[in-house]
Structure formats: structure tokens, C-alpha cells
Amino acid sequence: MPQRPFVLVLFALPATLIFLLFFVGPFAYFAVMSFWSVSAYRLTPGFDLENYIDVFTEYAYPLGFTFAIALAIATVTTTLAFAFAYLARFRAGRWGPILLFVTLITMFGGYLVKIYAWRTILGSTGILNAGLLGLGLIDEPLPWLLYNPGAVVVTLVHFLLPFAVLPIYGSLRGIGDAQLAAARDLGAGPSRSLVDIVLPQCELGIVVAFMLTFFIAAGDYITPRLVGGPSTAMIGNFVESQFITALNAPQSSALAVAILAVCAGTIFVLRTGMRKALAVR
Amino acid sequence: MKRSKIAKPTNGPVKVRSLAPMSRRHMLQGAGAAALGATTIGGIRRAQAATNIKAMVWEGYDVFLEGGDYLARNDITLDKTYIGAAEEIIAKLRLAPREVDVSSPYFIQVDFMAAEGLLMPLDLEKIPNFKNLFPAIVDAARDNMTYEDQWYSAPFTWASIPLMYNADEVTDPMESWMDMLRPEFKGKSAIPADPTSVFATWGRVVTGNQSPNRMTLAELDETVKFLIEMKKNHLRTIAASYGELGDLFARKEILVCEGAEWVAPLAGDVPVKWSYPKEGTMTYIEGFSMSAEASDPDAVYGLINNALSVEGQIAGAEYNGLPITNADALPMLSDFNRATYPYDNIESFFTTNLRIEQMYLLEEDGTNATWDDYIKAWETVMAA
């Protein structure tokens, strides 16, 4: 029986209000403020494009660097997450749910704990260097393991992996075993089944996983500061600098809007590309 | 082992042992009594703590205000908001001045904040412990903490940004900031992510300008180039905080850094010492200020006076590893604190080793760099 429009609106109202109040409202405020200016710690309302000019001139390099490193993190994380979720769904049998449970458990570890754990692993006196020294494979600690962009990628991939596994596993659950059996009976190999049956049906899960990891990585400023070393400042560090140290909320708002635009553009390109690539032939 | 009182599940309805029969009427009566009780207790609590003071300070500085049992004796509760940057206090006082009674602004910003009408001038008669402060500290703080001959902040501690080193590994004297750039410290040194101290320290070294908060744009550019070179070719990292520097020493990631005296105990077993290089060492003096719209000025005066009292000084100094400003508290300090800070020759120490900076320019004067220029300069260093 079709629902009455009034009932549909009533059901959608709480979620809509929350969305407007906590997401659209604050973002709209920052978007408006991004055209304002600051003088002697005092906000001056107006319409000035200078903040956006700065974003694409003075902050172009950190913005590009952040885009590149977030892209790398999201790609690696989504690929690993897909492999793990595929294993848990189709290959691990009764161990599948246990693997998923273990993935969920790691989310209780906390963000900072994982960062500090990787510092302990990768540091000059860390577990990895100590192990290599103990095995006689190196004569002195390898300093390049920590305080560089690679350490940021490793740390964030580890942190974000559970966030990516869950949506992909959820979409893989919707694929029936019968479809894969039918493909096999018709002569399709594992890779053909993967490309023609699995990937098209879990495209949304992959996009969601990529979005989550890309967004979080692009906005992060703690990880680069703690494991990234002197030359891995990401755009979040500049938002923090402008917002907290300079008290320049308009400039930091413009940076935030730019990050969001870059993220939205990336997701649009990804979604369009994946739809074309996975279109049923 | 004591057995559970919960009945085992059966195939029929589960029977749970109850301690008292509960009817709808009983439940409503109970709820009413509970609500009345909660209201009464809340009322008693409010009556017991007649004064509520809102503090906006760095974490740990509240211990100075609370030192001893001052709050309990005076029926005061302290609502604390910890800051992540001193500028947050300016923003808060501008946007919601009644939400802050007492704060710990960065001392070079105090005269600016006073001129903006954000702070209340202090009546020193109501802070009797002020007269017990080390004269050297009062003299050093005077320019920044006064405006039109009135004090707007009361100094309760201070510290400096010396050259720190691992005393086990570094045996040669560290007399100049340039010693940090010796080849043996390549990849073994760090600076904090604190543009204020970095420019104050290295701006003086690079340009020779003795007022590094008032460098010209050319001098600022020169300092930026130097810092980028140092960052790319010499530093292990730029530490997220001063506390992080202690951790870097403890994990043997660094041997030298630009740090603060109170970082040394954070290095665990690594013996960290420090020197005050010949080019000078940046110093900061922390003071408590009263908001221009403080809800209860007398209560705030009492708290500030307590922060300068012997009890407040000892509590705050020992908790934070920071020095005292009240000479009367000296005999009660721990040996560690007394060994850390040069109380014996504090007069000459403040005049020879340390450097007190002035406020950055907030608006262009045609010659010197503004605060925005310094921030942009720091971001250039970060991005390079």
C-alpha cells in the first residue's frame, strides 16, 4: 500500500533536521565567513575573494600534496579492504564472521594509540629497527622509517582499514553464492567473475569506502604532525594554523571549503569512472 | 561463591525475585520522591558553592589558582576551560566576555588586550601577595603587563626557551644557538611547532635584530630561508608540542633541541640539560588577568592572590615543573625545582641571559612585519 506523503515527510523530518542543523547550517556559516576578513583579531564581514586567491596561490602546494597523499592512502586502504572483505565473504567460510569481528575490535584501539604505536614500531629505537639490528641486517638504525610521508601513509592506512572493510563487506553480503556458481558453471574464471559479477554489485561499497578514507585522510592534521616529520605538513595543519594561531577564521574557512570542493570533485570523478568501467557489457 | 539471585530461565514466563512489591502507584511515588531529592540536593550544592568563577587558562595553570584548600574555604567553584592557543582568550573575550572571569593571556598581548577594553585594571591593594614577587620578575613583566601605568596581569610563573641537549651524548659546551647546527646533530635535532618561540630565537640569531618580534619583512624573509634550510637538511622533526620534545629525547630520536626547562623531566632516563646561549634566550612570564566583565571581581582577586601565595605557588610550580614568582615560597620548593631554575641569581639572570619580547604589530607600519606576516612566514616554513 502506498505511503501517504505526510507520513513520509514525518519519518524523514528528524534526519532532515539533524542534517540541516549539524551539517548544512555550520557549513553554510563557514562558507559565508570565508568571504570575510580579519584585522587585529577582529572579524570584518564583507565579500572579499582574497582568501580564495590565497588558497590557490599560497596554499596550492600543501593542497596538492594533501590531495596526492590522501589519494594514495584511500587507494591502498580500499584495495586492502576489498581483498580482506572478499576473503572474509567468499573464501574464509565459517571464519569469515570472526575475521570481521577482529576488524571491528581494532576500532576500539583509538586514533592516538595507533599513531603512538607506529612511532614505537618505526622509531630509531623502535621494534623494527631493533629487530633488523638484532638480526644483523643493518649496522645502524634506519632513520627514514619514521618522520616522512611514508610513515603517514602506513599509519593512516592502518587506522582507516576497518572503516573501509565494513561498507565493502556489507555490499559483498548482497551477492548471492548462486550467481557465482552459475558464472563458474558457464565457464567464467575467478577474475572474470570478479570483474563481471562481484565488482559491479559492490561498486557502491567501494565508493563509500574510498570516500570515507579519502575524506578522513585529507582532513587529518594530527598524524602528519606526529609521524610526518618536518616536511609533511598537510592542508589540515594550515587550517589549524589559521584558525587557532592566527585567529583567521575566514582564511581557514576558505581552506575548508576548498578541501570539500576537491573531495567532492574526486568522488564525482571516481563514481563516474567506476560506473563506466563496470558497466555491464 | 555467592549464588545469583536471578531465577534460572524456564520454558514459561521468567520469574525474577523482587525485593519489594511494586505497583504503579508505588512507582509514581518513588519517582516523585527521587525528583524532590535531586532538586533538594542540587539546591544544597548551589548553596554550598555560592560563587562560581570561570577560568580560561592553559591546562595545569588552574592548580596555581586552586592551591591549598582555598576553593573549599571560600565556597568557590572553578569552571575551567583549557586553551590550545593564547589567542583563544582574545576571541572568547571578544565574543562572550561574561563567559570568562579569569584568564592567562600571553603576556606580550596583555597591553593590547587592555587597550581593547577586554581586561580589567588590577587593584594591587586587593592582591597583597603581589608585593612578595621577585623584583626582577616584576621589572621584566612591567612593560607588557601594564597599560597606562596600571597592571592588567599578575605574574605567577615564567620560563624560557633554552638550548636543550642529551647530557650523556653531548659533552662539548653548547654556548651558541649555532652549536645546534653542528654536523654531529644532523638528523638529531628538533624545534617545536611554535612560531612565536622559533622566530624569537632564530630571528635574533640570523639577523642580529634584538627585537625579533619587530623584524622587517626582509629580516623575516632571511629568517624563513634559514629555517627552511635547517628544516630540510638538519632537523629530525618539528615537534608537535614542547612535551613532545621530552618524548623525542626519551626515544633517542634527538640529541639537541630548542625547548623549555620543564621538558627535561619528561625525557625519562635520558639526562637532559640546557644552556642559555650567548645570543639570548626567549623568556615568557605568565600572569592571571581579570576579564573586563568578570562576574565577581572580589572573588577573582582572591583567586589571583591565592595563585601568588606560598600555597598556590608551591602547588602550581611542583605540579607543572615551573618556577615560582613569590620569593617567600622558595624555602618550601622541592630540591628539584630549586636546582632547575636560577633563583639564587635571578636578578642578573633576567638582565643578562633572558630576553623579553614585545607584542607583534597587528597592523602595518610600513617598516616592520605584522603578526599575519609572521604566521604566513611560519606556514612557508611548514610547506617547504
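Predicted, not measured: the structure shown is a model, and the values here were computed from it. (Residues numbered from 1 in each chain as written. Chains lettered and ligands numbered in written order. Predicted model: local features only at pLDDT ≥ 70, side-chain atom pairs only at ≥ 80, totals over all residues.)

Trainee: Any chance you could explain the overall build of chain B here in plain terms?
Mentor: When helices and strands are tallied, chain B shows 14 helices and 13 strands. Across the 384 residues that make up chain B, the buried fraction comes to 46%. The contacts of chain B with a sequence gap of at least 6 include a subset with a gap of at least 24, amounting to 73%. (Helix = DSSP H or I, 4+ residues; strand = E, 2+ residues; numbered from the N terminus. Buried ≥ 20, exposed ≤ 12 C-beta atoms within 10 Å, placed from the backbone. Contact = placed C-beta atoms within 7 Å.)

Trainee: What's the story with the overall build of chain A in this structure? I'm lost.
Mentor: The helix and strand tally for chain A stands at 13 helices and two strands. Overall size of chain A, expressed as C-alpha extent along the three principal axes, is 75 × 75 × 35 Å. Looking at chain A residue by residue over its 281 residues, the buried ones come to 34%. Taking contacts inside chain A between residues at least 6 apart in sequence as the whole, the part at least 24 apart equals 73%.

Trainee: I'm lost on the interface of chain A and chain B in this one. Help?
Mentor: How large an interface is tends to be reported as the accessible area lost when its parts come together. Chain A puts 23 residues into the contact, and the matching count from chain B is 25 residues. Elements with a minimum of two residues in the side of chain A that touches chain B: helix H3 (60–91), helix H11 (222–227) and helix H12 (235–245) of chain A. Among the elements that line the side of chain A that touches chain B, the one with the most residues is H12 of chain A, at five residues.

Trainee: For this particular structure, what's the right way to read the nonpolar core?
Mentor: Nonpolar side chains in soluble globular proteins tend to end up buried together. Within the largest apolar cluster, 168 residues are counted, with the highest numbers of intra-cluster contacts made by Ile168 and Leu255 of chain A together with Val256 and Ile304 of chain B. Tallying contributions element by element places helix H7 (residues 149–173) of chain A first for this core, with 14 residues. In this structure, this core is formed jointly by two domains, domain 1 (52–159 + 283–352) and domain 2 (163–275 + 360–383) of chain B, each of which donates at least three residues. For Val256 of chain B, the contacting residues outside a window of four places in its chain are Leu163, Met164, Tyr165, Val170, Met180, Phe185, Lys188 and Ser189 of chain B. (Core = buried A, V, L, I, M, F, W, Y, C linked by C-beta atoms within 7 Å. Domains from an automatic or database assignment.)

Trainee: Looking at this model, I keep getting lost on the environment of Gly60 of chain B. Mind explaining?
Mentor: Residue and element names in this part refer to chain B. Position of Gly60 among the secondary structure elements: in the loop between strand E1 (51–57) and helix H2 (62–66). Given 15 C-beta atoms within 10 Å, Gly60 falls into the partly exposed group. Sequence-wise, Gly60 and Gly316 are 256 residues apart; in three dimensions their C-alpha atoms are separated by 7.3 Å. With near-sequence residues (within four places) excluded, Gly60 lies in contact with Tyr319 and Asn320.

Trainee: What exactly am I supposed to notice about the packing of H3 of chain A against helix H10 (residues 203–219) of chain A here?
Mentor: The packing of two helices is summarised by the inter-axis angle and the distance between the axes. Residues and elements named next belong to chain A. The interhelical angle for the contact between H3 and H10, taken along N-to-C directions, is 140 degrees, at an axis separation of 8 Å. Relative to H10, the element H3 is oriented oblique. When you trace H3 past H10, the crossing you get is right-handed. Contacts between H3 and H10 involve Thr66, Ala70, Leu71, Ile73, Ala74, Thr77, Thr78, Ala81 and Phe82 from the former and Ile206, Ala209, Phe210, Thr213, Phe214, Ala217 and Ala218 from the latter. Its residues placed into classes, the contact of H3 with H10 shows 12 nonpolar, four polar and no charged. (Axes fitted to C-alpha atoms, helices over the stretch in contact; angles between N-to-C directions. Parallel < 35°, antiparallel > 145°, perpendicular 65-115°, else oblique. Left-handed = near helix turned anticlockwise from the far one by under 90°. Nonpolar A, V, L, I, M, F, W, Y, C, P; charged D, E, K, R; others polar.)

Trainee: What am I meant to see in the sheet that holds strand E9 (residues 235–239) of chain B here?
Mentor: Backbone-to-backbone hydrogen bonds join strands into a sheet, with any given pair of strands oriented parallel or antiparallel. Residues and elements named next belong to chain B. The sheet built from five strands is open, its strands ordered E9-E8-E10-E7-E11 with mixed pairing. Two strands in the sheet have a free side with no partner beyond their single neighbour: E9 and strand E11 (272–275). Neighbouring strand axes in the sheet, compared pairwise and without regard to direction, differ in orientation by 25 degrees on average. Two elements, strand E8 (residues 189–192) and E9, share four bridges in a ladder whose sense is parallel. (Pairing = 2+ DSSP bridges.)

Trainee: Can you help me understand the domain arrangement of chain B in this one?
Mentor: Residues and elements named next belong to chain B. Annotation of chain B at the domain level lists domain 1 (52–159 + 283–352) and domain 2 (163–275 + 360–383). For domain 1 versus domain 2, the separation of C-alpha centres amounts to 27 Å. Across the contact, six residues belong to domain 1 and four residues belong to domain 2. For the side of domain 1 that touches domain 2, a count of residues per class yields three nonpolar, three polar and no charged.

Trainee: It is not clear to me how the pairing of strand E7 (residues 163–166) of chain B should be interpreted in this structure. Could you clarify?
Mentor: Where a strand is regular, its side chains alternate between the two sheet faces. Residue and element names in this part refer to chain B. Here three bridges tie E7 to strand E10 (residues 256–258), and the two strands are oriented antiparallel to one another. Note that in E10 the partner of Tyr165 across the bridge is Val256. Across four bridges, the pairing between E7 and E11 is antiparallel. If you follow Tyr165 over to E11, its bridge partner there is Lys273.

Trainee: Please clarify how helix H13 (residues 249–277) of chain A should be interpreted in this entry.
Mentor: Residues three or four positions apart in an α-helix share a direction because the helix packs 3.6 residues into each turn. In a regular helix each residue adds 1.5 Å, so 29 residues correspond to 42 Å; H13 of chain A covers 41 Å between its end C-alpha atoms and thus fits that length. Buried within H13 of chain A we find Ala249, Pro250, Gln251, Ser252, Ser253, Ala254, Leu255, Ala256, Ala258 and Ile259 of chain A. (Expected span 1.5 Å × (residues − 1).)

Trainee: Could you clarify how one ought to interpret the environment of Ser103 of chain B in this entry?
Mentor: As for its placement among the helices and strands, Ser103 of chain B is situated in strand E3 (residues 102–103). Contact partners of Ser103 of chain B, with chain neighbours within four places excluded, come to Ala55, Met56, Val57, Ile89, Ser289 and Ser291 of chain B.

Trainee: What exactly am I supposed to notice about the packing of helix H2 (residues 50–57) of chain A against H13 of chain A here?
Mentor: Residues and elements named next belong to chain A. Taken N-terminus to C-terminus, the directions of H2 and H13 make an angle of 55 degrees; their axes are 9 Å apart at the nearest point. Taken together, H2 and H13 sit at an angle that is classed as oblique. Judged by the sense of rotation from one axis to the other, the crossing of H2 with H13 is right-handed. Along the contact surface, H2 presents Asn51, Tyr52, Asp54 and Val55, while H13 presents Pro250, Gln251, Ala254, Leu255 and Ala258. Tallied by class, residues from the contact of H2 with H13 come to six nonpolar, two polar and one charged.

Trainee: Would you explain the confidence of the model for chain B in this entry?
Mentor: Parts of the model with low pLDDT should not have their predicted coordinates read in detail. Residue and element names in this part refer to chain B. In this model, chain B carries a mean pLDDT of 88, and residues with pLDDT of at least 70 account for 87%. In this model residues 1–24 is a low-confidence stretch, pLDDT under 50, and it forms eight contacts with partners more than four residues away in sequence or in other chains. Across the predicted assembly, pTM comes out at 0.84 and ipTM at 0.87. (pLDDT = per-residue confidence, 0-100.)

Trainee: What am I meant to see in unusual backbone geometry here?
Mentor: Generally, phi is negative for residues other than glycine and the peptide bonds are trans, each holding for most cases. Residues and elements named next belong to chain B. For Glu148, which is not a glycine, the phi torsion comes out positive at approximately 50 degrees. The residue Glu148 is located in the loop between strand E4 (146–147) and strand E5 (150–151) in this model. Unlike most non-glycine residues, Lys252 shows phi in positive territory, near 55 degrees. Residue position: Lys252 is located in the loop between helix H9 (242–250) and E10.

Trainee: How should I be thinking about the environment of Ala68 of chain A in this particular structure?
Mentor: With respect to the helices and strands, Ala68 of chain A occurs in helix H3. With 65 residues separating them along the chain, Ala68 of chain A and Leu133 of chain A place their C-alpha atoms 33 Å apart.

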